[in-house]
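Chain by chain, the residues run as shown.
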Amino acid sequence: MGGAKRMFTLGGQEVRSFSQLRNEYAEVDTFYLNNSSRRSRTPSGGPTMTGSNMYLYDEYDPPPRKPALSARNPTRQRVLSEPDLRHSSMGNHDSSIDYDVTEVGSGKEPARVVIKGNKKVFFPPMHQKIFDPTPPDKRMQLSWVYGYRGFDSKKNLWVLPSGEIMYYVAAVAVLYDKDEESQRHYTGHTEDIVCMDLHPSREMVASGQKAGRNRKTQAHVRIWSPETLLTLYVFGMGEFSVEVSAVAFSQLNGGSYALAVDGGRERILSVWQWQWGHLLGKVATLQDELSGAQFHPLDDNLVITYGKSHLAFWTRRKDGFFERTDLIKPPSPTNIVCLQFEPDGDVVTADSDGFITIYSIDSEGSYFVRLEFEAHARGIGSLVMLSEGTLLSGGEKDRRLVAWDSMQNYKKIAETKLLESAGGIRTIYPQRPGRNDGNVYIGTIKNNILEGSLQRRFNQLVFGHHKLLVGLATHPDEEMFATAGQDKCIALWRRNGLIWSTQTQMECVSICFHPDGGVLAAGTGDGHLLVINSENGNPISRFRVCGSSLNCVAFSPIGDIIAIGSQNGSVYLFRVSRDGFSYKKYNKIKGNYPLACMDWSVDSNYLQTVTTEFDLIYWDVKTMTCGKSPTAMKDVKWFTQTCTLGYSMAGIWNNRFYPMRNTISTSHRSSNHDMLIVGDTDGHLRLFRYPCISPRAEYNEVKGQSNTLTTARFFSLDQSVVTVGGSDASLMLWDLVEE
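Residues numbered from 1 in each chain as written. Predicted model: local features only at pLDDT ≥ 70, side-chain atom pairs only at ≥ 80, totals over all residues. Heavy atoms only, no water.

- If you check an unreviewed UniProt entry, the chain appears there as HELP domain-containing protein from Cloeon dipterum.

Next comes the structure, spelled out in structure tokens:
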């Protein structure tokens, strides 16, 4: 139109380019034109024409603007129960919600974020809770750590003088009192713990961690007190390139020496006087696969390293140099996996072929093979020499626990076999060190801890998932939650332990509760939906949805429909009976991009999803279409907010207070709509206020692991948060406490 120089929307936002008109205002059909190049008040009165016809207005004829809604009393507490949400959201523009709002549609700019180099634009709703950039009044405090790390680590189970069982999961050292059903935690590490050892006095612990991304998270060793949980000494900062793959105390001289092995390419062995942080000597072992290292119990200057095609003795001289003696070296196929000592100092090794070998020393000081015998079918996971000379060996593959009499040329005394569900043996430790009652704790490769003896059966003490864990859902009313993992296991948990677990025939990748809490629905990696009775874990039904992984599942707010998001990009809808037991296919909405998370609208008319490429897609359940315009959906109220994208979530991306080297992997809005929990691919867990619309938003942060936080969820009363850790299957409960 001749003379038109500026164009505005009804809300007063200026359209500055044709690309902005096409991308951001595709659904807007009414605009105002202005004939002045100078900024002026946006016209909002006079004749209008919709569609392609637009009228030109003079800048000096501005009609009155509508006054903005005033914010309600900020001290007023908002209470949002599910029935209130359903009642108040029958219309998308209902402003009678019971919390503070401010009109942001007039003059409020869209939120813009950049994710993996792609620019995303999110449009503000007409009514939005007032944004508060300050951190929440609550912080996260670790309450419980579920499971045990046995699938990829050895020698990681001890008993303290207090009777507590000590082990580590992710970046947390756990001290578990089975009698009191309580836990204490040492959380001094900034990345995952890789190795640990108990001081000969049993009053101190050494633990080594992997390296992080910055100087504050370098690999190092920490000496700490299991009684007070205080850090006593730290050494090795800047000395380890990848991780501390092994750590051990000397047995003589009061345990004043500690060894550490760098997990880098050269596998550097170093010996430290840890009280002073003095490095006494180091040497490159140059071993590709090093399983561990220990001081000889009768010589603090003798260190033994072992691994694949490797068994070597290192004698440290006074000048700090090491003399090396190889007992096994390439091209030997022997893979030494664990090592123990007889009371007289002879070395006992176990290998991945199931053989136990005893090395003695001759009169000239040279070691030779005194005895070798086959103890297990295939690999041996652990050796323990008891005080009276009985050797216990545990098989990783055959799951057998065997006792051998070292005084009678290793004659077999007794044996027992663990159940297949328990897994192979990874670690053995006496329940009462120094006593010969035969009671032991066993850590398994399936992340379980058992207690028992050769004379009585073993009982499960700690249960954990042992493969990639993604599926997590909290109960709609009670302090319980369910998990589903690629270990084909579904489990229901309470605050301090397991309620039940059930084994399925398929790997699970997603799970959700029916709104009444009586039924669980789990999606599998091969496209099946499993329906489980949440009271007892019994299966109700199983049916095939499609041929792709069911990455996300969600019941509608009243539970009459279940939506299933798949790896093939489509959403499948099923009608659900009132009790959640019966399912009938309703329809399919075809999409093109793999889906990662999903939310229902309060009125059950819409779905929002986020793809694996971080695109926010809206779905119309009534018309069975996808790709609804963001501007048309900006005022829809969502029953849950697990999608990591949106206007109310913009502040978690490109936040000015933390670098975006990692990606947001999970988020969840609290039931009261005032907090937002966010996890990323580097293991950080952050608590924001909700909504979080600005990169200036502050937060409270903890870090319990190095791996990706795959899922985080609030409990129904917003008093706690549960997190799952992905590939290491770590599962943690965090209480929200006042600052």
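Some remarks on the sheet that holds strand 12 (residues 172-177)
1) Next: Overall, antiparallel pairing links the 4 strands, which are arranged 10-11-12-13 in an open sheet. Bordering the open sheet on either side are strand 10 (158-159) and strand 13 (182-186), each of which pairs with just one other strand.
2) Next: Two strands pair when backbone bridges link them, and strand 10 and strand 11 (residues 165-169) are joined in this way by 2 bridges, in the antiparallel orientation. The residue of strand 11 that forms the bridge with Val 159 is Ile 165. (Pairing = 2+ DSSP bridges. Helix = DSSP H or I, 4+ residues; strand = E, 2+ residues; numbered from the N terminus.)

A closer look at a negative patch on the surface
1) Next: A contiguous patch of negative charge on the surface is contributed by Asp 477, Glu 478, Asp 516, Glu 535 and Asp 579.
2) Next: Along the chain, Asp 579 falls in the loop between strand 48 (571-576) and strand 49 (583-589). (Patch = residues over 30% accessible without salt bridge, like charges linked within 9 Å, V, L, I, M, F, W, Y side chains within 5 Å. Areas by Shrake-Rupley, 256 points an atom, 1.4 Å probe, with all protein chains shown as cover. Salt bridge = Lys/Arg side-chain N within 4 Å of Asp/Glu carboxyl O. Lys, Arg positive; Asp, Glu negative; His and termini not counted. Charge placed at Lys NZ, Arg CZ, Asp CG, Glu CD.)

Re the packing of aromatic side chains
1) Next: The full count for this structure, using the stated rule, is 21 aromatic pairs.
2) Next: An angle of 5° between the planes, with centres 4.3 Å apart, marks the rings of Tyr 186 and Trp 224 as stacked. Residue Tyr 186 is found in strand 13, and its partner Trp 224 is found in strand 16 (residues 221-224); the two are separated by 38 residues along the sequence.
3) Next: On the accessibility criterion, Tyr 186 (2% relative accessible area) is buried.
4) Next: With centroids separated by 5.2 Å and ring planes inclined at 70°, the aromatic side chains of Tyr 233 and Trp 274 adopt a geometry described as edge-to-face. Within this pair, whereas Tyr 233 is found in strand 17 (residues 231-235), its partner Trp 274 is found in the loop between strand 20 (268-273) and strand 21 (278-284), the two being separated by 41 residues in sequence. (Phe/Tyr/Trp six-rings, centres within 6.5 Å; stacked < 30°, edge-to-face > 60°. Buried < 20%, exposed > 50% of the residue type's maximum accessible area, 1.4 Å probe, protein only.)

A word on the nonpolar core
1) Next: One finds Met 166, Tyr 167 and Met 196 to be the most contacted residues of the largest nonpolar core, which totals 57 residues.
2) Next: Once residues within four sequence positions are removed from consideration, Met 196 is found in contact with Lys 155, Trp 158, Met 166, Tyr 168, Ala 173, Val 205, Ala 206, Ser 207, Trp 224 and Val 247.
3) Next: Counting residues in each nonpolar core, the second largest holds 31 residues, with Ala 111, Val 610, Trp 653 and Ile 693 among its members. (Core = buried A, V, L, I, M, F, W, Y, C linked by side-chain atoms within 4.5 Å. Contact = heavy atoms within 4.5 Å.)

Observations regarding the pattern of salt bridges
1) Next: In this structure the tally under the stated criterion is 32 salt bridges.
2) Next: Among the salt bridges present, the one from Asp 152 reaches Arg 149, with a minimum N-O distance of 2.8 Å.
3) Next: One salt bridge in this structure joins Arg 149 and Asp 728, with 3.9 Å as the shortest N-O distance. One end of the pair, Arg 149, is in the loop between strand 9 (138-146) and strand 10; the other, Asp 728, is in the loop between strand 59 (720-724) and strand 60 (731-738), with 579 residues separating them in the sequence. Each member of the pair, Arg 149 as well as Asp 728, carries the same accessibility label: buried.
4) Next: Overlapping salt bridges, with partners in common, bring together Arg 149, Asp 152, Asp 192 and Asp 728 in one network.

Structural notes on empty space enclosed by the protein
1) Next: Here the structure, examined in full by the defined rule, presents 3 cavities of 30 Å³ or more.
2) Next: Taken together, Tyr 146, Gly 147, Tyr 148, Arg 149, Val 169, Ala 170, Asn 447, His 465, Asp 728, Ala 729 and Ser 730 form the lining of the largest cavity. (1 Å grid on protein atoms, 1.4 Å probe; cavity = no way out; pocket = protein on both sides within 12 Å on 5 of 7 lines; lining within 4 Å. Points joined across faces, edges and corners; volume = space filled by probe spheres on them.)

Observations concerning the state of the cysteines
1) Next: Applying the stated rule across the entire model yields 0 disulfides.
2) Next: Cysteine Cys 489 shares no disulfide, and the gap to the nearest cysteine sulfur, in Cys 508, comes to 8.5 Å.
3) Next: For Cys 489, a relative accessible area of 3% corresponds to the buried category. (Disulfide = S-S within 2.5 Å.)

A word on the side chain of Thr 483
1) Next: Take Thr 483: it is sitting in strand 39 (residues 481-485).
2) Next: Among the polar contacts made by the side chain of Thr 483, one reaches the side chain of His 465 at a distance of 2.7 Å.
3) Next: When near neighbours in sequence (up to four residues on either side) are disregarded, Thr 483 contacts His 465, Leu 469, Gly 471, Leu 472, Cys 489, Ile 490, Ala 491, Trp 493, Ile 511, Val 724 and Leu 731. (Polar contact = N/O pair within 3.5 Å; in protein donor to acceptor, adjacent residues only side chain to side chain.)

Observations concerning the sheet that holds strand 17
1) Next: Read across the open sheet, the 4 strands follow the order 14-15-16-17; overall the sheet is antiparallel. For this open sheet the edge positions go to strand 14 (193-198) and strand 17, each flanked by a neighbour on one side alone. Between one strand axis and the next, the sheet turns through 20° on average, direction left out of account.
2) Next: Two elements, strand 14 and strand 15 (residues 205-209), share 5 bridges in a ladder whose sense is antiparallel. When the bridges of strand 15 are listed, Met 196 appears paired with Ser 207. (Axes fitted to C-alpha atoms, helices over the stretch in contact; angles between N-to-C directions.)

Digging into the confidence of the model for the chain
1) Next: Looking at the chain, pLDDT values average 88 and 89% of them are 70 or higher.
2) Next: Note that residues 39-107 has pLDDT below 50 and, in this model, 127 contacts with residues that lie over four places away or in other chains. (pLDDT = per-residue confidence, 0-100.)

What to know about unusual backbone geometry
1) Next: The amide bond that connects Pro 330 to the next residue, Pro 331, takes the cis arrangement and shows omega of 10°.
2) Next: Of note, Pro 331 is situated in the loop between strand 25 (322-328) and strand 26 (336-341).
3) Next: Non-glycine residue Phe 614 carries a positive phi angle of around 65°.
4) Next: The phi dihedral of Asn 654 falls on the positive side, at around 55°, and the residue is not glycine.

Focus: the environment of Glu 739
1) Next: Turning to its location among the elements, Glu 739 is positioned in the segment after strand 60.
2) Next: As for Glu 739 and Asn 700, which are separated by 39 residues in sequence, their C-alpha atoms are 9.8 Å apart.
3) Next: The residues contacting Glu 739, other than those within four sequence positions of it, are Pro 136, Asp 137, Lys 138, Arg 139 and Asn 700.

Regarding a nonpolar patch on the surface
1) Next: A contiguous nonpolar surface patch, about 260 Å² in accessible area, is contributed by Leu 230, Leu 232 and Tyr 233.
2) Next: For Tyr 233, a relative accessible area of 31% translates into the label partly exposed.

Focus: the pairing of strand 14
1) Next: When you tally the buried positions in strand 14, you get 5 out of 6 residues, the bulk of the element.
2) Next: Linking strand 14 to strand 15, which pair antiparallel, is a turn of 6 residues; within it Arg 202 sits at a positive phi near 65°.

Looking at the pairing of strand 35 (residues 440-444)
1) Next: Summarising burial for strand 35: 5 of the 5 residues are buried, a large majority.
2) Next: Side chains of strand 35 alternate between two faces, with Val 440, Ile 442 and Thr 444 and Tyr 441 and Gly 443 buried alike.
3) Next: Bridge analysis of strand 34 (residues 425-430) against strand 35 gives 5 bridges, and the strand direction is antiparallel. Counterpart to Ile 425 in the pairing with strand 35 is Thr 444.
4) Next: In terms of strand pairing, strand 35 meets strand 36 (residues 449-452) through 4 bridges, oriented antiparallel. Along strand 36, the bridge assignment pairs Ile 442 with Leu 450.
5) Next: Here strand 35 folds back onto strand 36, and the loop between the two strands holds 4 residues, one of which, Asn 447, carries a positive phi near 65°.

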